[in-house]
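# An overview of the molecular structure
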Amino acid sequence: MSIALIVTGAFILLIFVMPVFYRVFNFGTIAGVAFGLFSLLSGVFWNKLSDRVQGISAIVVVFGIIFALKLMWDIYAAGKTKASSQKVIVILGCQVRGDEPSLSLIKRVDSAYRFLLKNPNSVAVLTGGKGRGENITEAECMRRILYDRGILNQRMILEEKSTTTDENIRFAKKLLQERGIETAEIAVATSEYHQKRASIICQRYGYTAFAQSSHTKPILLPTFLVREFFGIVKEKYNIRLK
């Protein structure tokens, strides 16, 4: 059992440390590393633990892995693309570095672009304000990419004040209402791991969301999926952190 825990812990640590080299560090990273260390240290000090603590440690690791895998699969499965011909697509913001889009943002725009090509009468709401290290708003960054690909400005509505997913949707709805665009269904362009939480927020504002998903590098997925679990809990229980 000792060796199994050490190997398991080392593997989990590898999975959650690797994304750091891609400049990805979030609460999912912390949670994954903490769980990996627990497994690794339980194995290293196995012979010094009492029988009761050994049993508890083994149960925590085994059921923790099963529970985490089930949750991550549910979140990932919710990201399967379901959008078809909705008249509005909302693109959720993501990091911009200076003037340049992050890889995640590029992929979200790519996904939205495919939708807009298939639905020439649809409009897009580009969401995201300007955060730390960003010279332009996330919405403006997306507009430039889509415009360079031939999407007319008339089809794009810029929402440049939001800093959270909740604000992305809430402010987008306000802009749509100001333009007299009423719809109960919207397509949402975001990363596959983000779709489940986005759909929960959309429901809060009276929308049924249809996923138009971009795909994340496999090495980065576990970190984001674990982070999303905590984000979903926060949204479901309407927890507002200062």
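This write-up is about the structure you can find in this document. Fair warning: this is a prediction, and the values are worked out from it, not measured in the lab.

### Notes on the overall build of the protein chain
Helix and strand counts for the protein chain stand at 8 helices and 7 strands. In terms of principal-axis extent, the alpha carbons of the protein chain reach across some 70 × 35 × 35 Å. The contacts in the protein chain between residues at least 6 apart in sequence include a share of 71% that link residues at least 24 apart. Carbon and sulfur atoms make up 61% of the accessible area of the protein chain, which amounts to about 12900 Å² in all. Across the protein chain, the mean location of the 32 positive side-chain charges is 4 Å away from that of the 19 negative side-chain charges.

### Quick look at the packing of aromatic side chains
For the structure shown, the criterion picks out 5 aromatic pairs. Seen from their ring centres, Phe-67 and Phe-229 are 6.2 Å apart, and the 85° between their planes marks the pair as edge-to-face. With Phe-67 in helix α3 (residues 51-77) and Phe-229 in helix α8 (residues 221-236), the pair connects residues that are 162 residues apart, well separated along the chain. A residue is classified by how much of its surface remains accessible, and Phe-229, at 25% relative accessible area, is partly exposed. Aromatic pair Phe-229 and Phe-230: ring centres 5.2 Å apart, planes at 65°, arrangement edge-to-face. Residue Phe-230 is classed as partly exposed on the basis of its relative accessible area of 36%. Three or more aromatic residues joined by ring pairs form one cluster here, namely Phe-27, Phe-67, Phe-229 and Phe-230.

### Side note on the sheet that holds strand β1 (residues 88-91)
An order of β5-β4-β1-β6-β7 is seen for the 5 strands of this open sheet, with the pairing classed as parallel. The sheet is open, and its two edges are formed by β5 (156-159) and β7 (208-214), each paired on a single side. Mean inter-strand twist for the sheet, computed between neighbouring axes without regard to direction, equals 25°. With respect to the sheet, helix α6 (residues 165-178) is in contact with β1, β4 (123-127) and β5, its orientation differing from that of β5 by roughly 130°.

Calculation rules
- Here the residue numbering is sequential within each chain, running from 1 through the sequence in written order.
- Since the coordinates come from a predicted model, pLDDT governs what is reported: local features require at least 70, and pairs of side-chain atoms require 80 or more to be given and counted, while whole-chain, interface and lining totals use all residues.
- Side-chain measures here rest on the full set of heavy atoms in the structure, leaving out hydrogens and waters.
- The numbering of helices and of strands both runs from the N terminus, where a helix is a DSSP run of H or I of at least 4 residues and a strand a run of E of at least 2.
- By definition, residues are in contact when any of their heavy atoms lie within 4.5 Å.
- All accessible areas in this document rest on Shrake-Rupley with a 1.4 Å probe, and a residue is counted as covered only by the protein chains that are shown.
- We score Asp and Glu as negative and Lys and Arg as positive, and we do not count His or the chain ends.
- Just so you know, the charge point we use is NZ for Lys, CZ for Arg, CG for Asp and CD for Glu.
- By convention, a stacked pair of Phe, Tyr or Trp rings (six-membered ring in the case of Trp) has centres within 6.5 Å and planes under 30 degrees apart, an edge-to-face pair has planes over 60 apart, and any other such pair is tilted.
- To sort residues, take the accessible area from a 1.4 Å probe on protein chains only and compare it with the maximum for the residue type: under 20% means buried, over 50% means exposed, and anything in between is partly exposed.
- Any two strands between which DSSP finds at least two bridges are classified as paired.
- Orientation is described by axes fitted as lines to C-alpha atoms, over the contacting stretch for helices, and by angles from 0 to 180 degrees between their N-to-C directions.

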